[in-house]
Every structure is written in C-alpha cells, then in structure tokens.
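Residue-level structural notes
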Amino acid sequence: MNASYLRSHLKQLESEAIYVMREVAAQFERPVLLFSGGKDSIVMAHLAQKAFYPGKIPFPLLHIDTGHNFPETLTFRDEMVERIGVRLIVRYVQDSIDQGRVVEETGPYASRNGLQTVTLLDALAEFKFEAALGGARRDEEKARAKERFFSHRDAFGQWDPKNQRPELWNLYNGRKQPNESFRVFPLSNWTELDIWQYIQTEKIPLPSLYFSHRRDVIRRDGMLLAASEVVRPVGNEKIENKIIRFRTIGDMTCTGAVESHASSLADIIQEVASARITERGARADDKRSESAMEDRKKQGYF
C-alpha cells in the first residue's frame, strides 16, 4: 500500500468517525465515551479531541473497572485523562459484587469480564446517559459485525440484532422512547491494521503492554495468561517467563498474550498484517461458547 493511498484511506476513516461523534453530540444531551484503556478507546479519545477542537471533549469518559485490570492500563488511563483534560467516571465491579447485584464466579476459570455488564448498565442509568460511544469494530468478531453505527438499545439496555435501523446515505436516526438508549461505534469500518497505522501516523501514546516485553505467563487452553494474584497455576500448569505482548487489553483473567518480539509500531504493523488469527482469538471470554459475544451483547455488554 503506497503512502499516498494509505494517508487518503486513514483520512477517510478519520472523517467518518469524527462525523459520527459530532452527530452524537448534536442528537443527544447526555452522551459518554466508554473507555477501557485499550488501543481502540485511546484512538476514540484522540478522535474526540480532533472532532471538537479547539474546545474540550464535551462528554466524559466512563471506565468499568473489573478490579482485575493490568496496572499498566490504569496508570496510562490516569496519565492520559490528566493530559487531555477530560472528566473520567470510574465504576467498579467489586461494588456490584458487594451490593449483591452480581455473584462472583469461582474456580480456576473464574472471570469478572461478564459481570461488568451489570456495572455498566447501572452506571448508564445512574447518570442517565442516552448514548454510549464504544470502540468496537466490525472486524473483531461475528456478533460485532452485525452492529450499526447507531445501535439501538431497549429500556433494559439490551440489544436485538433483528431490530436495528437502516443507515442509508450516512443518516443516523437517534430518536428513541424514554429510557431507551444507543451504543454508538464510530470505528465500525476500521480494521485492526487501520488502527495501528493510524496510531503510527498520529503518534498516539499507548500502554507498554502492547509492545514486546518479558513477563511471567501461564499456558492455559492454548493461551498465555499473565501470571498474577488472580491468575495462578492450576493442576500441571507452570509459570514460564516469555517475551510477549498483548494485541488486546482487558481483564487479566481472560486476556491472552502472544509471543512476539515486536517492540515498535512498525514491527507491530508488520506482525498484524501477516497474522491469521484475529486479536480476539486470544480472549478466553469469547471461547466460552460459539455465541458468547452475541449473548453478552444482548444482555447489555458493549
């Protein structure tokens, strides 16, 4: 791909995402940007800065903290929020557990990733957010490929893939009944490779987790999970020290690493371009069933 075509391609994707963000700001009184600390939500925050420059981002960031996040992610999140001057709202899955809203899983494969749906829905209701912007892309997973830019949710925050609105000629219908809401996905038409090339072009800072580093890991069901207080060896498993990096960042209990020596953006772009497994192929939460993601989305997951 020559440099001129790449710049044009990325510029088109950027313009589309900015247009969607401005539509959200125009159509909704109380939008919010969902922030995980991963590369897609970081790109979303960068695009929001561009969309509303020279003003500040006109909506807050919302992070649902499972309590099992990578420390590097939380450090980066706090530094980024201070740097760009945006309001950050954090809600904790642990609070949902303490309040009896959810029941924590037990056993060696326990994860809080699914529990965050309730915490998210409670936070959206608490602040009466009408539209939640997320960084999901259609190339990530088959359920996400069904999403519209403006994804309608019913009064319970649930998603019905068969009851979504047409989006012809870039017209987005944000009309809704009381208590209904929307999830909005400005990066819908981006690919993982687009994200990395845009990050390189825009020189966007990222958490160190995305780059090659040494870490203690546990091999489980074909995945490399970071050894930690919440991920310990089970049975014949053992801790190994390997050179790895993460293609996606989430809850430590279900986010797998890949063995890699990619220590620069150029290395990562070359690696992603030749990969035959999607980035979510290393997510244990997507392997629980064939329809794991779609089931979670129907319940209110983003």
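Position numbers for residues start from 1 in each chain and track the written sequence from start to end. Residue-level local features of this predicted model are given only where pLDDT is at least 70; pairs of side-chain atoms are given and counted only at 80 or more, and the full residue set underlies all totals for whole chains, interfaces and linings. Water and hydrogen atoms play no part in the side-chain values, which are based on all heavy atoms of the structure.

A few words now on the overall build of the chain. Numbering of helices and strands runs from the N terminus, with a helix taken as a DSSP run of H or I at least four residues long and a strand as a DSSP run of E at least two residues long. Looking only at helices and strands, one finds 8 helices and 10 strands in the chain. Rg of the C-alpha trace for the chain: 19 Å, near the compact-globule value of 19 Å for 302 residues, within the 12% margin. Across its three principal axes, the chain shows a C-alpha extent of roughly 55 × 55 × 40 Å. Partly exposed describes any residue whose relative accessible area lies between the buried limit of under 20% and the exposed limit of over 50%, with all areas from a 1.4 Å probe on protein chains only and scaled to the type maximum. Counting over 302 residues, the chain shows a buried share of 53%. Expressed as a percentage of contacts within the chain between residues at least 6 apart in sequence, the contacts between residues at least 24 apart total 73%. Working definition of accessibility: Shrake-Rupley area with a 1.4 Å probe, residue cover restricted to the visible protein chains. Counting every atom, the chain has about 14500 Å² of accessible surface; 50% of that belongs to carbon and sulfur. We compute the radius of gyration from the C-alpha atoms alone; for a globule the expected value is 2.2 Å times N to the 0.38, where N is the number of residues. Contacts are assigned to residue pairs that have any heavy atoms within 4.5 Å of one another.

Quick look at the packing of aromatic side chains now. Under the pairing criterion, centres of Phe, Tyr and Trp rings, with the six-membered ring standing for Trp, must be within 6.5 Å; the plane angle then separates stacked pairs below 30 degrees from edge-to-face pairs above 60, leaving the rest tilted. As enumerated under the stated definition, the model contains 11 aromatic pairs in all. By way of ring pairs, the aromatic residues Y19, F28, F149, F150, Y172 and F182 are connected into one cluster. Two limits define a charge over a ring: the Lys NZ or Arg CZ must be within 6 Å of the ring centre, and within 35 degrees of the ring normal. R138 extends its terminal NZ or CZ atom over the ring of F149, reaching a point 5.1 Å from the ring centre.

Where burial is concerned, the two faces of strand 5 (residues 150-153) agree: the one with F150 and H152 and the one with S151 and R153 are both buried. Strand pairing is assigned whenever DSSP identifies at least 2 bridges connecting the two strands. Pairing of strand 5 with strand 6 (residues 181-184), which is carried by 4 bridges, proceeds in the antiparallel orientation. Along strand 6, the bridge assignment pairs H152 with F182.

Inspection of the secondary structure puts T73 in helix 3 (residues 71-84). Setting aside chain neighbours within four positions, we find T73 in contact with S36, G37, L209 and I249.

Strand order in the open sheet formed by 6 strands is 3-2-1-4-6-5, with mixed pairing between adjacent strands. Two strands close off the open sheet at either side, each with one partner strand: strand 3 (88-92) and strand 5. Taken over all neighbouring pairs, the strand axes of this sheet differ in orientation by 30° on average, direction set aside. To get an axis, fit a line to the C-alpha atoms, keeping to the stretch in contact for a helix; angles then go from 0 to 180 degrees between the N-to-C directions. Here helix 3 sits on the sheet and contacts strand 2 (61-65) and strand 3; the angle it forms with strand 2, its principal contact strand, is near 165°.

A carboxyl oxygen of Asp or Glu within 4 Å of a side-chain nitrogen of Lys or Arg is what we treat as a salt bridge. One pass over the full model with this rule turns up 20 salt bridges. Among the ionic pairs, K50 bridges to E14, the shortest N-O distance being 2.7 Å. Within this pair, whereas K50 is found in helix 2 (residues 39-52), its partner E14 is found in helix 1 (residues 3-27), the two being separated by 36 residues in sequence. The class for E14 is buried, based on a relative accessible area of 4%.

Attention shifts here to the environment of K242. By the secondary structure assignment, K242 is in strand 9 (residues 239-245). Residue classification places K242 among the buried residues on the basis of a relative accessible area of 18%. On a C-alpha basis, the gap between K242 and P71 in space is 19 Å, while along the polypeptide they are 171 residues apart. When neighbours within four sequence positions are excluded, K242 is seen to be in contact with H213, R214, R215, V217, R219, L224 and E259.

It is the contact of helix 1 with helix 6 (residues 192-202), at a shortest axis distance of 11 Å, that shows an interaxial angle of 100°. For the element pair helix 1 / helix 6, the angle class is roughly perpendicular. Judged by residue contacts, L6, H9, L10, L13 and E14 of helix 1 engage D194, Q197, Y198, T201 and E202 from helix 6. Grouping the amino acids of the contact of helix 1 with helix 6 by side-chain chemistry returns 4 nonpolar, 3 polar and 3 charged. Each angle gets one of four labels, with under 35 degrees taken as roughly parallel, over 145 as roughly antiparallel, 65 to 115 as roughly perpendicular, and the rest as oblique. Any residue outside Ala, Val, Leu, Ile, Met, Phe, Trp, Tyr, Cys, Pro, Asp, Glu, Lys and Arg is labelled polar, Gly included; the first ten of those are nonpolar and the last four are charged.

Quick look at the confidence of the model for the chain now. In this model, the chain carries an average pLDDT of 87, and 92% of its residues clear a pLDDT of 70 or more. Predicted confidence is poor over residues 285-289, with pLDDT under 50, and the contacts of this stretch with residues over four places away or in other chains come to 18 contacts. Each residue carries a pLDDT score, the predictor's own confidence in it, on a scale running from 0 to 100.

Glancing now at the pairing of strand 6. Taken residue by residue, a regular strand's side chains alternate between the two faces of the sheet. Burial of the side chains of strand 6 extends over both faces: S181 and R183 are buried on one face and F182 and V184 on the other. Strand direction decides the pairing type here: strand 4 (residues 131-133) and strand 6, joined by 3 bridges, are parallel. Looking at strand 6, one finds that L133 is bridged to V184.

Let's shift gears to the nonpolar core. For soluble globular proteins, the rule of thumb is that nonpolar side chains tend to be buried together. For this analysis, a nonpolar core means a set of buried residues of the types Ala, Val, Leu, Ile, Met, Phe, Trp, Tyr and Cys, connected via side-chain atoms within 4.5 Å. Counting residues in each nonpolar core, the largest one holds 59 residues, and the members touching the most others are V43, L47, F150, W190 and W196. Elements supplying a minimum of two residues to this core: helix 1, helix 2, helix 3, strand 4, strand 6, helix 6, strand 8 (223-226) and helix 7 (265-274). If sequence neighbours within four positions are ignored, V43 has contacts with L187, W190, I195, Y198, I199 and I204. If you look at the next biggest cluster of nonpolar residues, it comprises 14 residues, including V93, V102, L115 and A132.

For the rest of this paragraph, the subject is the sheet that holds strand 9. The strand order 7-8-10-9 describes a closed barrel built from 4 strands, whose pairing is antiparallel. Across the sheet, the axes of successive neighbouring strands diverge by a mean angle of 65°, strand direction being ignored. Alignment of strand 9 against strand 10 (residues 256-259), held across 2 bridges, turns out to be antiparallel. Bridge pairing links R245 to V258 in strand 10.

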